[in-house]
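# Understanding the architecture of this molecule
Take a look at the letters that make up each chain.
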Amino acid sequence: MDKHKLIVDSVVVRFGDKTVLSGGYITSETGMVTGLLGRNGAGKSCMFRALMGGLKVENVMVSIDGVPIDRQIIGQYIKYLPQGRMLPENIKLHKAFELFGVNYWSFVNRFPKYSRFHDSAIWELSGGEARLAELCLVLLSEAPFYILDEPFSQIDPVNIEAVRRLIRERCQDHGIIVTDHNYDAISSVADNLFVISDGYTAPVHSRDDLVRFGYLR
Amino acid sequence: MTLRDRIYLTWSYGKIQFLVGALYNIVCAQLLTRGFSYSFYIDAFILKAVVYAITYYLVRQFRGRDAIFFFINLGLSRRKLQLSVLLVDFLFLAILLTTVMLKHG
């Protein structure tokens, strides 16, 4: 197994006069799940959207194994599950899997309910069904790193454990960054944690750090 | 990614812009058949740029903010996709107007 290290550094995002991020930083390594915590509006999603090229950014440095990444083709290195709907409404589910190079039936093996959605368009699925399909699409496709923005939102409680298992399984040969509002959801799956506060990212070593940064009381 | 996939994704990304652009191109070609002038040919391109910019702005406003990540995940940046849409759209106008001009000019 090849080990890789992703470093995202010096992320600066401003909306007009408002500075959302002044020193965003996060790392990820093959074989590890990194959790990113932060209060609402702290800039967690902003950081990911910025590094993936979906948001205008003042500065961002992304490197894998010390080599800077061309952000025009960042999707080849990092697959990103955004917070909102990613798949076009009209695309058939099997077509989306084909484009991402994922075998649809391997996904059905994990979630048998989806065997009947093979020819369904995304708009025919419920919000939760579409969310689970998108999550698996990202996690089962090939890339050294995955970033998952609130992967547990909209997922049935019965599937949350399966998603957790899938994340742990995929992190054996990949690096995964996960963010969520829910501390318990993240801490149960992550090997190390970062927190965003006042535009800066800091590593979390203990629960006290989260209290110090105003994330927990 | 195959060429077919790339064409499919470009169409999927720029569908509305392609359709508005095609409608504009057809109207221009129709007007050109009624009477040719070089100034019309040039004006058609200037107005095309304005229509293109407005359509681009509106599509960005109404598209889901995370929809772009479908394309980015597949290795296609917004810049690359937009450039493809722009090239195809303007090329189509140029071919259509030149064909009409040669036929009726």
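These lines cover the structure that appears in this document, whether it is placed above or below.

Rules and cut-offs
- Residues numbered from 1 in each chain as written.
- Chains lettered and ligands numbered in written order.
- Predicted model: local features only at pLDDT ≥ 70, side-chain atom pairs only at ≥ 80, totals over all residues.
- Heavy atoms only, no water.
- Helix = DSSP H or I, 4+ residues; strand = E, 2+ residues; numbered from the N terminus.
- Rg over C-alpha atoms; globule rule 2.2 N^0.38 Å.
- Buried < 20%, exposed > 50% of the residue type's maximum accessible area, 1.4 Å probe, protein only.
- Areas by Shrake-Rupley, 256 points an atom, 1.4 Å probe, with all protein chains shown as cover.
- Lys, Arg positive; Asp, Glu negative; His and termini not counted.
- Charge placed at Lys NZ, Arg CZ, Asp CG, Glu CD.
- Contact = heavy atoms within 4.5 Å.
- Buried area = accessible area lost by both parts, 1.4 Å probe.
- Salt bridge = Lys/Arg side-chain N within 4 Å of Asp/Glu carboxyl O.
- Nonpolar A, V, L, I, M, F, W, Y, C, P; charged D, E, K, R; others polar.

Along its length, chain A carries seven helices and 10 strands. Computed over C-alpha atoms, the radius of gyration of chain A comes to 17 Å, within 12% of the 17 Å expected from 2.2 N^0.38 for 217 residues, which places it in the range of a compact globule. C-alpha extents for chain A along the principal axes are approximately 50 × 40 × 40 Å. The proportion of buried residues among the 217 residues of chain A is 55%. On chain A, roughly 9600 Å² of surface is accessible, and the fraction owed to carbon and sulfur atoms is 47%. Positive and negative side-chain charges of chain A, numbering 24 and 26 respectively, have mean locations separated by a distance of 3 Å.

Let us look at the interface of chain A and chain B. Size of an interface, as often reported, equals the accessible area lost when the parts are brought together. Contacts between chain A and chain B engage 24 residues on the former and 19 residues on the latter. Both faces combined, the contact of chain A with chain B buries some 1900 Å², and carbon together with sulfur accounts for 55% of it. It is A:Arg49, A:Gln72 and A:Leu99 that lose the most area in chain A upon contact with chain B, and together they represent 32% of the buried surface on that side. Linking chain A with chain B are two salt bridges, by the criterion used here. For A:Arg49, the salt bridge goes to B:Asp66, with nearest N and O atoms at 2.6 Å. For the side of chain A that touches chain B, the secondary structure elements donating two or more residues are α1 (44-52), β6 (78-81) and α2 (93-99) of chain A. At three residues, β6(A) tops the list of elements feeding residues into the side of chain A that touches chain B. Residue classes in the side of chain A that touches chain B are distributed as 13 nonpolar, seven polar and four charged.

All names here are of chain A. Along the chain, leucine 6 turns up in strand β1 (residues 5-15). The buried category is assigned to leucine 6, whose relative accessible area is 0%. Taking the C-alpha atoms as reference points, leucine 6 and serine 63, 57 residues apart in sequence, are found 5.8 Å from one another. Contact partners of leucine 6, with chain neighbours within four places excluded, come to Ile26, Thr27, Ser28, Val62, Ser63, Ile64, Ile78, Phe145 and Ile177.

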